[in-house]
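Residue-level structure breakdown
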Amino acid sequence: MEFPDSYFEDEVRDGFYIPSLMKRCWAAQMEILCQVQEICERHKIRYFADWGTLLGAVRHGGMIPWDDDMDISMLREDYIRFREAADEELSEGCWFKDWRCSDEIDSMIGQIVNSHVHVLEGSALEVYHGFPYVAGIDIYCLEDLPDHERESRVFWEELCFLFKVIYKLQYDKRKGRPIGEEELLYYIGRIEAFYQVKLDRKKPLRRQLCEILQQKAALRYQRDDALTVNALVHWKKIFIARYPKWCFEKSVHMPFEGMEITVPAGYDKLLAMEYGPHWMCPSRAGGGHEYPYFKKQQTYLNEMNAGALFTYVYSAQEREEMRMLREEARVHAGERMKERGKMIKEELNEFLSLFREAHREIAQFVKAGRMSVAQNLLSDCQNAAIQLGMKIEEMGNCLERFQSAVKLLEDYCEWIYELYEALSREKTTAFGNLERELATWEKKFLQAADSVTEYMLGKNNARKSVVFVPYKPAYWNTMVDIWREVVDDPDTDAWVIPIPYYYKDAHGKAKSEEMHYETDYPDDVTVTSYEEYPFDLSQPDVIVIQCPYDEYNYGLTIHPFFYAKNLRKYTDRLVCVPPFWMDEIAPGDVRARENLRSLCCMPGVVLSDMVVVQSEQMKSVYVDILTEFAGADTRSVWERTVVGVGKEKGGHIITDWY
């Protein structure tokens, strides 16, 4: 299955932030779903989206933003046929996993997973779109349920008892607690009597009980005229949620994350039974497992230094080192600016002397009627002006005073050309007093030279400077209020410098040959090329960044020069304005808080002097997450660093700060 590179970017859907790793997780699951669909088509097996996958298909046209797994279901006959076909036809590395496979497998749900190991590497990463952990799809087997009231009651009582024994054996084994002999005999006796079987005490009991569940309990009431179905694993509510079998008689296809998925024709009835009458209204409550499902695996592998592909680790030492580097860089930048200022001042003086001498000679030759000699000198002056302009551009063409100097030289070259043409026709009357005009140009050169060298020598440079570094126009809305406030400050110069970014391949490497550089900002925003602004010389008072990830993102990376840990060297204050507005995160919204770690536990946030977020409530969430990430002793740091402001008043924060 093909996905555009942009699919793997972090994004906000329905107010919910989705990190790039989750997008790769979804893509890996959809790759498995494609295999399921191919097998089902070949063998004329029916499957249906179920649970959150069904709800996502109907309500969202894809994954529910706060969901992390995929669920499908099959009627028993289809499930058995699919299981047999899957064992033979799944691609290398994939396997069908249920109670038959191993006594160590706890799940009573069928599952297709894409690996036998904990972390994917090599070509498997390419197949599963860069998701490094195990991905799978849960498959529920829908069993016929008894319709007669007495049969239903007996079935439910014995099913509940059987599941309780299975889960007790499973739980006690995990805890290392053996079941008492008397209790175990009671369990075995009751099950043997009801199902007319003989359990082998020398073999693993749990596996035998699972077999009874599948071969005895499930088949006990299997009949063509059954009216209701459900998966036995839902034993606690199986007779509250008895799904009408007619819902599954037909199916329809619906769009789902760039592909199509099969849903039961009676999906509205099923969704109302599973999620209540208001199932079309999004709710982030519920969920039957820890979110994300791969969190334990991720934590374990990170601790073992395996699979920590893009994990940023907090270091108080790094923050201090960055502060010291910044102080050192500021001093060195000032020294470099002064050194280059002295050098350019000497060069400018040499050029001014050349212009004065050449101008005097030009005036004299014109008076003497020696037009061709005067024209040669004019060509020399024009070439000298072009060289001087190039030198100034190298130092900082984006700086206003430097631009003014270059524009002056361009106007001078145009004037030289007009004079040259006039001399060719021996018509100089349009230039009036030539000596006076040449003297005027020399005066303009002197003023421009003084302005440039004063800036570089640190004189008369009391204005503040703020540089905004966005990377996508789509996220400009989080910066625009702050930018407007800075632009309106008469004592501050503001630059907007969009920066290039690169998507990553399945192995996490930047596709450096495919640079993306977006400059389509609103008409009132003056954009400056990142190649022109002299960060090393200008040392702006504030740099406002938007991309907090540096290299620690699964979807993309910006140009390394603009990583937070590098930009801190070029400014007194580094400010991070994260690229997304999202819904406020309530204290109990575990999934939103978990995902936010992928945005706020990043160098751009941790290494910044200020982080501007959308509200005081969001600030509280950031502070909690960062404290957990960096240690309890750092809470005061984040309380000072993170600033919660509303969209309508966010602009004042920078100008008030410096």
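Above this text sits the structure in question.
Description of the structure in this document.

What counts as what
- Residues numbered from 1 in each chain as written.
- Predicted model: local features only at pLDDT ≥ 70, side-chain atom pairs only at ≥ 80, totals over all residues.
- Heavy atoms only, no water.
- Phe/Tyr/Trp six-rings, centres within 6.5 Å; stacked < 30°, edge-to-face > 60°.
- Helix = DSSP H or I, 4+ residues; strand = E, 2+ residues; numbered from the N terminus.
- Buried < 20%, exposed > 50% of the residue type's maximum accessible area, 1.4 Å probe, protein only.
- Lys NZ or Arg CZ within 6 Å of the ring centre and 35° of its normal.
- Polar contact = N/O pair within 3.5 Å; in protein donor to acceptor, adjacent residues only side chain to side chain.
- Contact = heavy atoms within 4.5 Å.
- Patch = residues over 30% accessible without salt bridge, like charges linked within 9 Å, V, L, I, M, F, W, Y side chains within 5 Å.
- Areas by Shrake-Rupley, 256 points an atom, 1.4 Å probe, with all protein chains shown as cover.
- Salt bridge = Lys/Arg side-chain N within 4 Å of Asp/Glu carboxyl O.
- Lys, Arg positive; Asp, Glu negative; His and termini not counted.
- Charge placed at Lys NZ, Arg CZ, Asp CG, Glu CD.
- Axes fitted to C-alpha atoms, helices over the stretch in contact; angles between N-to-C directions.
- Left-handed = near helix turned anticlockwise from the far one by under 90°.
- Nonpolar A, V, L, I, M, F, W, Y, C, P; charged D, E, K, R; others polar.
- Core = buried A, V, L, I, M, F, W, Y, C linked by side-chain atoms within 4.5 Å.
- Pairing = 2+ DSSP bridges.

**Observations regarding the packing of aromatic side chains**
Following the criterion strictly, the structure yields 41 aromatic pairs and no others. For the pair Tyr412 and Phe445, a centre-to-centre distance of 4.8 Å together with 80° between the ring planes defines the contact as edge-to-face. On the criterion of sequence distance, the pair formed by Tyr412 in helix α12 (residues 400-424) and Phe445 in helix α13 (residues 434-456) is long-range, its members being 33 residues apart. With centroids separated by 6.3 Å and ring planes inclined at 35°, the aromatic side chains of Trp441 and Phe445 adopt a geometry described as tilted. Pair noted here: Trp441 and Phe445 are both in helix α13, with a separation of four residues, about one helical turn. Residue Trp441 is classed as buried on the basis of its relative accessible area of 9%. Of the aromatic side chains, those joined through ring pairs into one cluster are Trp495, Tyr517, Tyr530, Tyr533, Phe535, Phe561, Phe562 and Tyr570. Its end group placed over the ring of Phe8, Arg24 keeps NZ or CZ at 4.3 Å from the ring centre. A cation over an aromatic ring shows up here: Arg190 above the ring of Phe161, its NZ or CZ 3.9 Å from the ring centre.

**Let's talk about the side chain of Gln37**
Residue position: Gln37 is located in helix α1 (residues 20-43). The buried category is assigned to Gln37, whose relative accessible area is 15%. A polar side-chain atom of Gln37 sits 2.7 Å from a polar atom in the side chain of Tyr47. Residues in contact with Gln37, not counting those within four places in the same chain, are Tyr47, Met259, Glu260 and Ile261.

**Examining a negative patch on the surface**
Taken together, the side chains of Glu393, Glu410, Glu531 and Glu532 present a region of like negative charge at the surface. If you trace the backbone, Glu393 turns up in helix α11 (residues 371-396).

**Comments concerning the pattern of salt bridges**
Going through the model one piece at a time under the given rule, you end up with 31 salt bridges. Salt-bridge contacts for Arg13 lead to Glu257; the nearest nitrogen and oxygen are separated by 2.8 Å. Residue Arg13 is located in strand β1 (residues 11-13), and its partner Glu257 is located in the loop between β10 (251-256) and β11 (259-264); the two are separated by 244 residues in the primary sequence. Taking relative accessible area as the criterion, Glu257 reaches 9% and is therefore assigned buried. For Arg242, the salt bridge is made with Asp147, and the minimal N-O distance between the two is 3.8 Å. Within this pair, whereas Arg242 is found in the loop between β8 (228-231) and β9 (243-244), its partner Asp147 is found in the loop between β7 (136-144) and α5 (149-175), the two being separated by 95 residues in sequence. Take Asp147: its relative accessible area is 34%, and that puts it in the partly exposed class. Among the charged side chains, a salt-bridge network with shared partners connects Arg593, Lys619, Asp624, Arg635 and Glu639.

**Concerning the packing of α1 against helix α3 (residues 76-89)**
Contact geometry of α1 with α3 gives a least axis separation of 10 Å together with a crossing angle of 115°. Helix-helix and strand crossings are classified by hand; for α1 and α3 the assignment is right-handed. From α1, Val36, Ile39, Cys40, Arg42 and His43 reach across to α3, where they touch Arg81, Phe82, Ala85, Ala86 and Glu89. Residue composition of the contact of α1 with α3, by class: six nonpolar, one polar and three charged.

**Examining the nonpolar core**
With 113 residues, the main nonpolar core has Met74, Phe82, Leu596 and Tyr622 as its most contacted residues. With 13 residues, α1 is the single largest residue contributor to this core. Residues Phe48, Trp99, Tyr140 and Val165 belong to the second largest nonpolar core, which totals 46 residues.

**Describing the sheet that holds strand β17 (residues 573-576)**
Within a sheet, neighbouring strands are paired by backbone hydrogen bonds and run either parallel or antiparallel to one another. With parallel pairing, the six strands of this open sheet are ordered in space as β13-β12-β15-β17-β18-β19. Each edge of the open sheet carries a strand with a single partner, namely β13 (492-496) and β19 (642-644). If you compare each strand with its neighbour and ignore which way they point, the axes differ by 20° on average. With five bridges connecting them, strand β12 (residues 464-469) and β13 associate as parallel partners. Following the sheet pairing, Val467 is matched in β13 by Trp495. Most of the contacts of helix α19 (residues 616-630) go to β19, to which it runs at about 160°, and overall it touches β18 (610-613) and β19.

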